[in-house]
Amino acid sequence: MRSANKKNPALVELILVILFFALSSVILVQVFVKARMMSETSRAETLGLLLMQDVIEQWKEAPQEPEQIFSGEKGWVAEKTEEDTWTYRNGCGEDLILGAGEERVYELRAEIWKEPSQAGELFHIRIGLVRCRDNENLAEVETTRYQPGP
């Protein structure tokens, strides 16, 4: 009878240890999944910021010809909002999509307008990285370039 009493506490201890390791593994899997999601989000946002900088640098080369940068072939969709104001939107392709088969998560939005003056024109651009889910503007850059007239 004594030997049976000694085996039961060992069996209970073994079950408790297995239960502890099972719960620990579930928590660790959740932590790793969350870390991977945060990593993908960070990668996509960093890529979006680099794309914003790239667009600004291209635009500064020829601000009077935005159709070269914001072409439909590159994924940009244009709409004229006012007389001298254009808005461009780009989902940035698959690089800013998180997960397989999901909708785009981020997009670049650019607004371009010009101010004519007697000596030339002042070209403005505002470009932002927007999260599509809640339409939150994560980053925005605005710059201006002066082009002397003829």
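Scroll up a little and you will see the structure.
Asker: Quick rundown of the overall build of the protein? Include the residues and the values.
Answerer: Of the regular secondary structure elements, the protein holds one helix and five strands. Counting from the amino terminus, the protein carries its helices and strands in the arrangement α-β-β-β-β-β. Looking at the protein residue by residue over its 150 residues, the buried ones come to 27%. Taking the contacts inside the protein whose residues are at least 6 apart along the sequence as the reference set, 48% of them involve residues at least 24 apart. Per element, the accessible surface of the protein, about 10,700 Å² overall, is 57% carbon and sulfur.

Asker: Please give an account of the sheet that holds strand S1 (residues 76-82) that cites residues and values.
Answerer: Strands sit in the order S1-S2-S3-S4-S5 across an open sheet of five strands; the sheet is antiparallel. Edge positions in the open sheet fall to S1 and strand S5 (136-148), since each of these has one partner strand only. Taken pair by pair, the neighbouring strands of this sheet meet at an average axis angle of 20°, ignoring direction. Alignment of strand S3 (residues 106-116) against strand S4 (residues 120-131), held across 11 bridges, turns out to be antiparallel. From the neighbouring strand, Arg109 faces S4, where its bridge partner is Gly128.

Asker: Could you give an account of a nonpolar patch on the surface, with specific residues and numbers?
Answerer: Among the surface-exposed residues, Leu11, Leu14, Ile15 and Ile18 lie close enough to one another that they form a single nonpolar patch of about 400 Å² accessible area. Residue placement: Leu11 occurs in helix H1 (residues 2-61). Taking relative accessible area as the criterion, Leu11 reaches 47% and is therefore assigned partly exposed.

Asker: Please set out the packing of aromatic side chains residue by residue, giving values where relevant.
Answerer: Using the criterion set out here, one finds four aromatic pairs in the structure. Relative to Trp76, the ring of Phe70 lies with its centre 4.8 Å away and its plane at 90°, an arrangement referred to as edge-to-face. Classification of Phe70 by relative accessible area gives buried; the value is 4%. Residue classification places Trp76 among the buried positions, given a relative accessible area of 8%. Look at Phe70 and Tyr88: their rings are 4.4 Å apart centre to centre, the planes differ by 15°, and that puts the pair in the stacked class. Remark: Tyr88 occurs in strand S2 (residues 85-90) and Phe70 occurs in the loop between H1 and S1; sequence separation between them is 18 residues. One aromatic cluster in this structure is built from Phe70, Trp76, Trp86 and Tyr88.

Asker: Requested: an account of the pairing of S3, with residues and values cited.
Answerer: Bridging between S2 and S3 involves six bridges; their strand directions are antiparallel. Residue pairing in the sheet places Thr85 in a bridge with Trp113 of S3. Here S3 hands over to S4 after three residues, the two strands then running antiparallel side by side.

Asker: Summarise the pairing of S4; cite the residues concerned and give the values.
Answerer: Burial runs high along S4: nine of the 12 residues are buried. If you look at the hairpin formed by S4 and S5, you'll find four residues sitting between the two strands, and Asn135 has a positive phi there, around 60°.

Asker: Can you lay out the environment of Gly75 for me, pointing to particular residues and giving the numbers?
Answerer: One can find Gly75 in the loop between H1 and S1. Placed 14 residues apart in sequence, Gly75 and Arg89 show a C-alpha to C-alpha distance of 8.2 Å.

Asker: Mind laying out the pattern of salt bridges, listing which residues take part and the relevant values?
Answerer: Counted according to the given criterion, the structure contains eight salt bridges. Arg36 is the salt-bridge partner of Glu40, the closest N and O atoms lying 3.5 Å from each other. In this pair, Glu40 and Arg36 are both assigned in helix H1, four residues apart and thus about one turn of the helix distant. You can call Glu40 partly exposed: its relative accessible area is 23%. One salt bridge in this structure joins Arg109 and Glu107, with 2.5 Å as the shortest N-O distance. Classification of Arg109 by relative accessible area gives partly exposed; the value is 22%. We classify Glu107 as buried; its relative accessible area is 1%. Where salt bridges share partners, they join Arg89, Glu107 and Arg109 into one cluster.

Rules used in this analysis
- Residues numbered from 1 in each chain as written.
- Predicted model: local features only at pLDDT ≥ 70, side-chain atom pairs only at ≥ 80, totals over all residues.
- Heavy atoms only, no water.
- Helix = DSSP H or I, 4+ residues; strand = E, 2+ residues; numbered from the N terminus.
- Buried < 20%, exposed > 50% of the residue type's maximum accessible area, 1.4 Å probe, protein only.
- Contact = heavy atoms within 4.5 Å.
- Areas by Shrake-Rupley, 256 points an atom, 1.4 Å probe, with all protein chains shown as cover.
- Pairing = 2+ DSSP bridges.
- Axes fitted to C-alpha atoms, helices over the stretch in contact; angles between N-to-C directions.
- Patch = residues over 30% accessible without salt bridge, like charges linked within 9 Å, V, L, I, M, F, W, Y side chains within 5 Å.
- Salt bridge = Lys/Arg side-chain N within 4 Å of Asp/Glu carboxyl O.
- Phe/Tyr/Trp six-rings, centres within 6.5 Å; stacked < 30°, edge-to-face > 60°.

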